[in-house]
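Architecture at a glance
Chain by chain, the residues run as shown.
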Amino acid sequence: MELPASLRQAVDRILERVPLPELKQAAKTLSDRYRAELRDGRLHMAQDMAVKAYLAARLPATYAAVRASLGALNEARPDFMPKTLLDVGAGPGTVLWATSDLWPDLEQAVLLEASAAVRKVGEMLAADAIAARTVWQAGDVTIDLGDVESADLVTCAYVLDEIVPASLPKMVDRLWQLTKDTLLIVEPGTPAGWQRILTVRTQLIADGAHLLAPCPHQAPCPLSPPDWCHFSRRVARSRLHRLAKDAEVPWEDEKFIFVAASRQPAAYRAARVIAPPKSGSGKVSLKLCEPDGGAGEKLFTKRDGDVFRLARRLDWGDAMEPGTT
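Anyway, here's the lowdown on the structure attached to this text. No experiment lies behind these values; they were computed from the predicted model shown. (Residues numbered from 1 in each chain as written. Predicted model: local features only at pLDDT ≥ 70, side-chain atom pairs only at ≥ 80, totals over all residues. Heavy atoms only, no water.)

**Quick word on the overall build of the protein chain**
What the protein chain contains, in helices and strands, is 10 helices and 13 strands. Projected onto the principal axes, the alpha-carbon positions of the protein chain cover approximately 60 × 45 × 40 Å. By the burial criterion, 54% of the 325 residues in the protein chain qualify as buried. As presented, the protein chain carries roughly 14900 Å² of accessible surface, and 50% of it is formed by carbon and sulfur atoms. Charge separation in the protein chain, taken as the distance between the mean sites of 41 positive and 42 negative side-chain charges, equals 5 Å. (Helix = DSSP H or I, 4+ residues; strand = E, 2+ residues; numbered from the N terminus. Buried < 20%, exposed > 50% of the residue type's maximum accessible area, 1.4 Å probe, protein only. Areas by Shrake-Rupley, 256 points an atom, 1.4 Å probe, with all protein chains shown as cover. Lys, Arg positive; Asp, Glu negative; His and termini not counted. Charge placed at Lys NZ, Arg CZ, Asp CG, Glu CD.)

**What to know about the pairing of strand 5 (residues 179-188)**
With nine of 10 residues buried, strand 5 lies mostly within the body of the structure. Note: strand 4 (residues 151-157) against strand 5, six bridges, orientation parallel. Bridging from a neighbouring strand, threonine 155 pairs with leucine 184 of strand 5. Since strand 4 and strand 5 lie parallel, the crossover through helix 7 (residues 168-177) that links them has a hand, and here it is right-handed. (Pairing = 2+ DSSP bridges. Right-handed = clockwise from strand over helix to strand, strands pointing away.)

**Notes on the pattern of salt bridges**
Evaluation of the coordinates by the stated rule reveals 11 salt bridges. Put simply, arginine 234 and aspartate 253 hold a salt bridge, and the shortest N to O gap is 2.8 Å. Taken together, the residues arginine 234 in strand 7 (residues 231-236) and aspartate 253 in strand 8 (residues 251-262) connect sequence positions 19 residues apart. Note on arginine 234: relative accessible area 46%, which makes it partly exposed. A relative accessible area of 31% places aspartate 253 in the partly exposed class. Where salt bridges share partners, they join Arg77, Asp79 and Asp181 into one cluster. (Salt bridge = Lys/Arg side-chain N within 4 Å of Asp/Glu carboxyl O.)

**Thoughts on unusual backbone geometry**
Omega for the peptide link from alanine 213 to proline 214 comes to -5°, which places this bond in the cis form. Following proline 225, the chain continues to proline 226 via a peptide bond in cis, the omega torsion being 10°. On the secondary structure map, proline 226 appears in the loop between strand 6 (210-213) and strand 7. One non-glycine residue, aspartate 128, lies in the positive phi region at around 65°.

**Points about the packing of aromatic side chains**
On inspection of all chains with the given rule, the structure shows four aromatic pairs. Judged by centre distance (5.7 Å) and plane angle (70°), the ring pair of phenylalanine 80 and tryptophan 103 falls under edge-to-face. Separated by 23 residues along the polypeptide, phenylalanine 80 in the loop between helix 4 (59-76) and strand 1 (84-88) and tryptophan 103 in the loop between helix 5 (94-102) and strand 2 (108-113) bring together distant segments of the chain. In terms of burial, phenylalanine 80 and tryptophan 103 fall into one category: buried. With 5.9 Å between their ring centres and 50° between their planes, phenylalanine 231 and phenylalanine 258 make a pair best called tilted. In this pair, phenylalanine 231 sits in strand 7 while phenylalanine 258 sits in strand 8, placing the two residues 27 residues apart along the sequence. Judged by its relative accessible area of 2%, phenylalanine 231 is buried. One aromatic cluster is present, formed by Phe231, Phe256 and Phe258 through successive ring pairs. The lysine or arginine in question, arginine 234, covers the ring of tryptophan 251, its NZ or CZ lying 3.5 Å from the ring centre. We note arginine 263 situated over the ring of tryptophan 176; from NZ or CZ to the ring centre the distance is 4.1 Å. (Phe/Tyr/Trp six-rings, centres within 6.5 Å; stacked < 30°, edge-to-face > 60°. Lys NZ or Arg CZ within 6 Å of the ring centre and 35° of its normal.)

**A look at the packing of helix 1 (residues 5-15) against helix 6 (residues 116-126)**
Between helix 1 and helix 6, the least distance of the axes is 9 Å, while the angle of their chain directions is 130°. Classified by the interaxial angle, the pair formed by helix 1 and helix 6 is oblique. With respect to the hand of their crossing, helix 1 and helix 6 are arranged in right-handed fashion. Residues Leu7, Ala10, Val11 and Ile14 of helix 1 lie in contact with helix 6, whose contacting residues are Val121, Met124 and Leu125. In terms of residue class, the contact of helix 1 with helix 6 is built from seven nonpolar, no polar and no charged. (Axes fitted to C-alpha atoms, helices over the stretch in contact; angles between N-to-C directions. Parallel < 35°, antiparallel > 145°, perpendicular 65-115°, else oblique. Left-handed = near helix turned anticlockwise from the far one by under 90°. Contact = heavy atoms within 4.5 Å. Nonpolar A, V, L, I, M, F, W, Y, C, P; charged D, E, K, R; others polar.)

Have a look at this one:
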């Protein structure tokens, strides 16, 4: 998956005169902070160079994860076409771009972001490229949601890992209150990210939400450590991306986990592939999370006919049509 051409060109314009040694050092510092999940009171992207490092080293991957999560949401609720978006902890507008790509008729977007440096770059990226009326607001996602207006789609991507755990229940409760239709939360695909999503999932179910994706059911998650639910998207690296990260291969795999919950039920419940398929001659084994609340490996062979041909085309994260399992 690649960035939209207009976004990629806007990023290139911002980065074209940035000294590579400074960009590499800033990318390393930013990566170290994310990996350590530091909560030291400082913003990960408080400074201009940190924002530029994010554009070079992280934006392609987070965009791919968000776009894939929105795609799963859309598959579960094909009738949902949001006109308004509220994105909290918006960064440089990653969700705005992914949402606009999927729903080009989006009319209004409010983006809440604490870092002035990030808001400035986000506005530059979106200028003359995003059709929706876009409003950037300064604010801390844990304390500044009181006066924010509700929206059809509310999103929070790669933010919970920066929040003190004790603040999460109140924040999630407020996000759900602000959700007219659907709420999407995306986190890194680590065991810790999965645990955060599980906590959010439990809270949303208790609040009466309908899970759209990735879960095909509202029963307790059937997985247990050391296993964990997550997905992956392969991301093409630009030359600058490789240089900024001292990377040799022209791609990277972004692992992520998400939950999409709505005030409306999903159109149907479909089993989800929750691990890379295992293929052999005339057979494929899929690890499926099932609508009945269970999860496990299921083998499909040529003798299964059309079901086998369907199963062979599925990839990690895909939904399997009802009635085929």
